[in-house]
Amino acid sequence: MTTRRTIADREDVLGVLMLAPSLAYVILLVGVPFSLAILLSFSNASAGSLRFQWAGWSNYSAILGDAIFLRALRNSAVVTIGSQALVVVLATAAAQVFRATFAGKRFARFVLLLPWAVPVSLAAIAWTWIFDSTVSVINWTLKAAGLMHGWLYWLGDPALALLAIIIVQAWRILPFATVIVLAGLASIPQEVVEAAIVDGAGFWRRLFQVELPLLLPVVTVAVLFGVVYTATDLGVVYILTGGGPANTTQVLPTLAFQRGILGADLGQGAAIAVFLLPFLIVVAIAMLRVARRAEIGAR
Amino acid sequence: MKLKRMGLYAAALGFMVFAGFPFYWMLITSFKQNRDLYVGASDVKHIPWIFNDPPTLEHVRLLLGQTAFPRWVLNTLLVVVAVAVITVAVAVPAGYSLARLAGRWGERLGMGIFFTYLIPPTLLFIPFSRLVALLGLNNSLGALILIYPTMTIPFCTWLVMGFLRSVPWEIEEQAMIDGYSRLEVILRVAPRLIMPGILTVVVFTFTLVMQEFVYALTFLSSVEKMTVSLGVPIALVRGDVYHWGSLMAAALFTSIPLAIVYNLFIDRFIQGFTMGAVKG
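Just so we're clear, the structure is a prediction, and the values are computed from it rather than from any experiment. Each residue is numbered by its place in its chain's sequence as written, counting from 1. Chain A is the first chain written and ligand 1 is the first ligand written, with later ones labelled in order. Restriction of local features to residues with pLDDT of at least 70 applies here, the model being predicted, together with a cutoff of 80 or more for giving and counting side-chain atom pairs; totals for whole chains, interfaces and linings are based on all residues.

### What to know about the overall build of chain B
Inclusion rule: Only DSSP runs of H or I reaching four residues or more are called helices, and only runs of E reaching two or more are called strands; each is numbered from the N terminus. For this measure, only C-alpha atoms enter the radius of gyration; the expected value for a globule follows 2.2 Å times N^0.38, where N is the number of residues. Partly exposed residues are those falling between the two cut-offs: more than 12 but fewer than 20 other C-beta atoms within 10 Å of their own, whereas 20 or more means buried and 12 or fewer means exposed, with C-beta atoms placed from the backbone. Each residue is represented by a C-beta atom placed from its backbone, and any two residues with such atoms within 7 Å are regarded as in contact.
When helices and strands are tallied, chain B shows 13 helices and 2 strands. Taken against the 2.2 N^0.38 rule, which gives 19 Å for 280 residues, the C-alpha radius of gyration of chain B at 24 Å runs more than 25% over that of a compact globule. In chain B, which comprises 280 residues, the proportion classed as buried is 48%. For chain B, long-range pairs separated by at least 24 residues make up 76% of all intrachain contacts whose partners lie at least 6 apart in sequence.

The structure is reproduced here in structure tokens:
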């Protein structure tokens, strides 16, 4: 029997045809806008007209001399690092708890996952209500417990507002990180853990010298996604503080939105958003390394 | 041993309180009467954690009857359906191609596509605002339907590719031995095999559209065009007056279906995120 080589059997042709729409979407609507984002940052584009001209480094020199921008850059770093440090510690601890079997675990897991399921903007508005200056339940509880005598204006004080933002970001990423660490724990070969027990290693020794080193790639993945989600998030700050009081809690995304969209200065907005790139590049490189190690490990 | 057990329960309870407290707060706020709600926290005798007055449905009635909330739900569902159709039509064939037809470079290319998922809306919303204006899609749900797939396609292509890896090859191979061409395998045999993967894609799309805020905020300006995640925090605030009861009821009603879906599909999503850093 002769082999038919019609198009229906050409795997290479079919492969390309089936992949083409996905690639086209990604190139046209992610790749092109991404390049345009960088291009716009060197232009004097405004939202009003569609024409724009090359403006060289002027947007960059303008924002680098702007105290509000520098503050936003610092806030982005502080919020990202602060919340992710909190997440690593809490997620590792939570994974140790939730790997055990106990009564009501299914319900407990359901509750633990809630912050990840709820839309960021709705979680942020709930937290705005929780931190409300006059009826804050946190203040009431602290006062009723006799832990506080003055008053905390959570979203009205720059330092407290930043702390509130860090808490909300950590709260929102924690379930995601916990579930990833749990998946990592489940994949540690049982023999390794048993061998450690036979050799007389206690809980802490096992945790720090056996499990955590093996978990490192997974924890890295959790942190990397956490960094991307936190550094690039607009909703939490936009709703919780609006960048205030007096622009003290702006982060890069909210400032880019304020200048670029609300202020119609697309060029400057784009230049501010470009400062998100260092966060993303670090994450991308680290991820490639983790994926590469996993690839080598699989061989 | 008993002490250890108690420590475990205490820790689990601690995490539950931290994670669940805002949802308890949504729940209790949604059904409290206003005079029970707006008592200053400096009044230590008025306990805000419980109902001091009988619960009321007034806020829910206001939300469903006198706000645009039902409209936002419809808008959101419309966008979900449209984006899900686009995503399935584009990402599922791509995932199949990468897993079964592309050979060695499939994985690399798949990872390249996945990486675009990391490029955040907050970097792209400025060029998109120009593109959307050019296409005349400003203040239209069409803008969201065009742009949301930029987030769902990369993730879902990767998800389908990973999913197909775990489906044995032999069924399709046998079909080809039985005389099917590769195209016939793709059209007749593969869809049945990919079904659970397609379901995951639809669910992921649903959760993403429900949660997205940045693009909605950038492109939609009139209240009747908004989606739930935009309308509730932005447009339920009348002037300077926050209707906290209705606001929290809206947040609660939106969270419940998402929470249920997340619980059912969490493991599938996680496989996508861990990218081989976890070997099952």
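### Focus on the overall build of chain A
When its secondary structure is counted, chain A shows 13 helices and 0 strands. In chain A, the order of α-helices and β-strands from amino to carboxyl end is α-α-α-α-α-α-α-α-α-α-α-α-α. Going through the 299 residues of chain A one by one, you find that 44% of them count as buried. Considering only intrachain contacts with a sequence separation of at least 6, the fraction spanning at least 24 residues in chain A is 70%.

### Considerations on the interface of chain A and chain B
The condition is simple: For this scheme, ten residues count as nonpolar: Ala, Val, Leu, Ile, Met, Phe, Trp, Tyr, Cys and Pro. Four count as charged, namely Asp, Glu, Lys and Arg, and the remainder, Gly too, count as polar.
Residue-level contacts link 87 residues of chain A with 86 residues of chain B. Take the side of chain A that touches chain B: its biggest share by element is 16 residues, from helix 1 (residues 11-41) of chain A. The residue makeup of the side of chain A that touches chain B, split by class, is 71 nonpolar, 12 polar and 4 charged.

### Topic: the environment of Ala177 of chain A
Residue and element names in this part refer to chain A. Inspection of the secondary structure assignment puts Ala177 in helix 7 (residues 158-186). For Ala177 and Arg206, which are 29 residues apart along the polypeptide, the C-alpha to C-alpha distance reads 21 Å. The residues contacting Ala177, other than those within four sequence positions of it, are Val87, Ala91, Ala222 and Gly226.

### Examining the environment of Arg61 of chain B
All names here are of chain B. Inspection of the secondary structure assignment puts Arg61 in helix 3 (residues 58-66). The exposure class of Arg61 is exposed, given the 12 C-beta atoms found within 10 Å. Considering only alpha carbons, one finds Arg61 and Ala249, 188 residues apart in sequence, at a separation of 10.0 Å.

### What to know about helix 5 (residues 105-115) of chain B
The cut-off we apply is this: Note: the arc covers the axis-to-C-beta directions of the helix.
Within helix 5 of chain B the residues assigned to the buried category are Gly110, Ile113 and Phe114 of chain B. Looking straight down helix 5 of chain B, one finds its buried side chains confined to an arc of 100°; they lie on one side. In this structure, helix 5 of chain B carries Trp105 and Arg108 of chain B as exposed residues pointing more than 90 degrees from its buried face. Turning to helix 5 of chain B, the residues buried within the fold contact helix 1 of chain A together with helix 4 (69-101) and helix 8 (149-165) of chain B.

### Considering the packing of helix 11 (residues 252-262) of chain A against helix 6 (residues 121-134) of chain B
The condition is simple: Angles shown run from 0 to 180 degrees and are taken between the N-to-C directions of axes, each axis being a line fitted to C-alpha atoms and, for helices, limited to the stretch in contact. Here the angle decides the label: under 35 degrees means roughly parallel, over 145 means roughly antiparallel, 65 to 115 means roughly perpendicular, and every other value means oblique.
The contact between helix 11 of chain A and helix 6 of chain B brings their axes to 10 Å, and the two run at 10°. With respect to helix 6 of chain B, the element helix 11 of chain A is oriented roughly parallel. Along its contact with helix 11 of chain A, which presents Pro253, Ala256, Gly260 and Ile261 of chain A, the element helix 6 of chain B presents Thr122, Ile126 and Ser129 of chain B. Residues belonging to the contact of helix 11 of chain A with helix 6 of chain B are distributed by class as follows: 4 nonpolar, 3 polar and no charged.

### Here's the deal with the nonpolar core
Quick reminder of the rule: By convention the nonpolar core is taken to be a set of buried residues drawn from Ala, Val, Leu, Ile, Met, Phe, Trp, Tyr and Cys and joined through C-beta atoms within 7 Å.
Among the nonpolar cores identified, the biggest contains 173 residues, and Ala126 of chain A together with Val160 of chain B are the most heavily contacted of them. Excluding its chain neighbours within four sequence positions, the residues that come into contact with Val160 of chain B are Ala91, Val92, Gly95, Tyr96, Ile194, Gly197 and Val201 of chain B.

### Overview of unusual backbone geometry
All names here are of chain A. Note the cis peptide between Gly244 and Pro245, where omega equals -5°. Secondary-structure assignment places Pro245 in the loop between helix 10 (235-240) and helix 11. Of note, Asn247 is a non-glycine position whose phi angle comes to about 65°, a positive value. By the element assignment, Asn247 lies in the loop between helix 10 and helix 11.

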